[in-house]
Structures are given as structure tokens and as C-alpha cells.
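# Remarks on the overall topology
The lines below spell out each chain.
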Amino acid sequence: MVTLFDNGPAPHEYAAGDVNHDKEVNIVDVTALVDYLLGNGEICLTCADVDGDEDVNIADVTALIDRLLGGN
Ligand SMILES: [Zn+2]
């Protein structure tokens, strides 16, 4: 196993939702997060906890999409 992401304690230099650490929070992060939940690929679990409940699941996808749409 190769660890691609340092899942260190939040906060770190990347924003919540920037699950692929490209320094932008956008639709690519939604795709990466969904892929991860489906068992594909790696993401930063610290940044993936968008809703802050200390778990990474479908609720974070919803929270991330809401954020991208400018919602609450
Ligand atoms: Zn991160």
C-alpha cells in the first residue's frame, strides 16, 4: 500500500472538501469522494469530512455539493 495522503489532524493546509489536495474545491473533489465511497481510489480523509462529524460517508458528498452550490 502506498499512502498518497497524509491524513493528519485537521486543520491542515488544505480546505475541507479538497479531498484530492489540488488546492481547489470543485466538482473533481465530488467525483473523487464518490469514487472513494465506492471503494475506488484514495482521498484525504481529513478533508473529506466536510460536515465535520468525524466520519466519511454519503453525507459528506451532500455537504460538499451544497458547498459548491453556495448553500449552507
Ligand atoms: Zn487533506
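Higher on the page you've got the structure.
The shown structure was predicted, so the numbers you read here are calculated from the model rather than taken from an experiment. (Residues numbered from 1 in each chain as written. Predicted model: local features only at pLDDT ≥ 70, side-chain atom pairs only at ≥ 80, totals over all residues.)

### Things to note about the overall build of the chain
For the record, the criterion: By the criteria applied, helices consist of DSSP H or I runs no shorter than four residues and strands consist of E runs no shorter than two, each listed in order from the N terminus. In this scheme every C-beta is placed from the backbone, and a residue whose C-beta has 20 or more other C-beta atoms within 10 Å is buried, one with 12 or fewer is exposed, and one in between is partly exposed. Note that contacts rest on C-beta atoms placed from the backbone: two residues are in contact if these are within 7 Å.
When its secondary structure is counted, the chain shows three helices and zero strands. Written out in order from the N terminus, the α and β elements of the chain read α-α-α. Looking at the chain as a whole, 32% of its 72 residues qualify as buried. Excluding contacts between residues fewer than 6 apart, the proportion of contacts in the chain whose partners are at least 24 apart in sequence is 47%.

### Observations regarding the environment of alanine 16
Along the chain, alanine 16 falls in the segment before helix H1 (27-37). Each C-alpha atom, one on alanine 16 and one on leucine 64, is 8.7 Å from the other, the two residues being 48 residues apart in sequence. In contact with alanine 16, not counting residues within four places along its chain, are Cys47 and Val50.

### Some words on the environment of histidine 12
Tracing the backbone through its elements, the reader meets histidine 12 in the segment before H1. Owing to 13 C-beta atoms within 10 Å, histidine 12 belongs among the partly exposed residues under this scheme. As for histidine 12 and threonine 46, which are separated by 34 residues in sequence, their C-alpha atoms are 8.4 Å apart.

### Quick word on the packing of H1 against helix H3 (residues 58-68)
How we decide: Lines are fitted to the C-alpha atoms to define the axes, a helix being fitted only along its stretch in contact, and any angle between axes, read from their N-to-C directions, falls within 0 to 180 degrees. Each angle receives one of four descriptions, namely roughly parallel if under 35 degrees, roughly antiparallel if over 145, roughly perpendicular if within 65 to 115, and oblique otherwise. Nonpolar residues are Ala, Val, Leu, Ile, Met, Phe, Trp, Tyr, Cys and Pro. Charged residues are Asp, Glu, Lys and Arg, and all others, Gly as well, are polar.
One can describe the packing of H1 onto H3 by two numbers: an axis separation of 10 Å at closest approach and a directional angle of 175 degrees. Accordingly, the angle class assigned to the pair H1 and H3 is roughly antiparallel. Seen from H1, the contacting residues are Ile27, Asp29, Val30, Leu33, Val34 and Leu37; seen from H3, they are Ile58, Asp60, Val61, Leu64, Ile65 and Leu68. Among the residues forming the contact of H1 with H3, the class breakdown is ten nonpolar, no polar and two charged.

### Points about unusual backbone geometry
In this structure, lysine 23 is a non-glycine residue whose phi angle is positive, near 70 degrees. Tracing the chain through its elements places lysine 23 in the segment before H1. Judged by C-beta crowding, with 9 C-beta atoms within 10 Å, lysine 23 ranks as exposed. In the Ramachandran plot, glutamate 54 falls in the positive-phi region, its phi being about 65 degrees despite a non-glycine side chain. Following the sequence through the fold, glutamate 54 ends up in the loop between helix H2 (45-48) and H3.

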